[in-house]
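# Structural characterization, general
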Amino acid sequence: MKLKIPVLGSVALAAFLWAGALGAQDLGPGFHKIKDGIYTFAPDQTTTTCSFVVTQDGVVMIDACNSPLHSRNMLATIKKVTDKPILFLVNTETHGDHAGNNFVFSPPAIIINAGGAGAGMKKEYNPKRAETLAAQSAEMREAVKGERMVPPQIEYKDRMTLNIGERTFELIYLKNVHSVADTAVWMPKERVLFAASAAVVRGLQNLRPAVVIADVLASYKLMKSLNPEIVVAGHGQPTTTKVFDEYEGFFNLLLKRVGEMVANGSSLEQIKKELKLPEYADWAGQGRLGLYIEAAYRSVKK
Ligand SMILES: [Zn+2]
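Let me sum up the structure you'll find in this document. What you see is a predicted model; the values in this text were computed from it and never measured. (Residues numbered from 1 in each chain as written. Predicted model: local features only at pLDDT ≥ 70, side-chain atom pairs only at ≥ 80, totals over all residues. Heavy atoms only, no water.)

### Describing the sheet that holds strand E9 (residues 167–174)
Read from one edge of the open sheet, five strands run E8-E9-E10-E11-E12, paired in mixed fashion. Edge positions in the sheet fall to strand E8 (159–164) and strand E12 (230–232), since each of these pairs with one other strand and no more. If you compare each strand with its neighbour and ignore which way they point, the axes differ by 20° on average. Where strand E10 (residues 182–187) and strand E11 (residues 192–194) come together, three bridges link them in antiparallel fashion. Residue pairing across strands places Met187 opposite Val192, the latter belonging to E11. (Pairing = 2+ DSSP bridges. Helix = DSSP H or I, 4+ residues; strand = E, 2+ residues; numbered from the N terminus. Axes fitted to C-alpha atoms, helices over the stretch in contact; angles between N-to-C directions.)

See below:
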């Protein structure tokens, strides 16, 4: 008896894990089927999310995935789902974890992002990137072969509409929210929004000095006004507009506390040392709180 139970238990557990690991339509761990023909690869709560949408005429991708390994896996997965070509790849920002692996898909895919994206990517590009990645593992060395920066072939201003097959994609430029060129992708019929990295799921990201909190808050308002059913942020699992509400609450509390401390004569250094936000202590990336305090300080001092 003593042997039988654990054996049965582990068989059941293995079957359960196997089923769980297969995920969306047997596509593998991290894949989510959002709606018919709309898939997201979100490996965990903090790693870059990338997605693909199948249309009658071909595939549209949103972001090129976190690492070349993820990108190769994505490419293989798309081939499992459809034999149609990848027509377009929209970069939601310029950073390497979203745009650095464009080379895996393009050519033939045409890359699109807002104006200034290509210039930004050229400025940010690390020529040692391939070498550094290759040193990680034999698998990565293989996956990173052919690495080069592929800036968007198409840059748009403010808004752009893609009509591909039966689907419509509205590209919306988000000003000063994360990188030098950030794009949200809105699918009005399906009510799915790919929200770039204006907000990520319960985590603090690497906030650049060009980010303006007022613009970030305005982007939440705009994206919420679209009334999406599903929101896919640049990092983390697919969610809803809750991600904007959470971040709005966070920024408003941060602005309030920093404002009070500035009014009391505290310097930026003092605020960075003393200010704590225990309400958000469970968010990932706590080491980056200082960057958010700096952004709040800039906007309070304006
Ligand atoms: Zn980024």
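### Topic: the coordination of the zinc ion
Looking at the metal site, the zinc ion is ligated by Glu93 (OE), His95 (ND1) and His178 (NE2), spaced 2.0 to 2.2 Å from it. Of note, the zinc ion draws all its donor residues from one chain, in the sequence arrangement E-x1-H-x82-H. Using a relative accessible area of 1% as the deciding quantity, one classes Glu93 as buried. A relative accessible area of 9% places His95 in the buried class. (Donors = N, O, S within 2.8 Å, 3.2 Å for Na, K, Ca; no water. Buried < 20%, exposed > 50% of the residue type's maximum accessible area, 1.4 Å probe, protein only.)

### What about the sheet that holds strand E6 (residues 110–114)?
Ordered by their spatial adjacency, seven strands build an open sheet running E1-E2-E3-E4-E5-E6-E7, and the pairing between neighbours is mixed. Since the sheet does not close on itself, it has two edges, and those belong to strand E1 (31–35) and strand E7 (154–156), each with one partner. Adjacent strand axes in the sheet meet at a mean angle of 20°, parallel and antiparallel pairs treated alike. The pairing of strand E5 (residues 86–90) with E6 spans three bridges and is classified as parallel. Directly across from Leu89, in E6, lies its bridge partner Ile111. In the packing of helix H2 (residues 68–81) onto the sheet, the strands contacted are E1, strand E2 (38–41), strand E3 (50–54), strand E4 (59–62) and E5, and the crossing angle to E3 comes to about 20°. (Contact = heavy atoms within 4.5 Å.)

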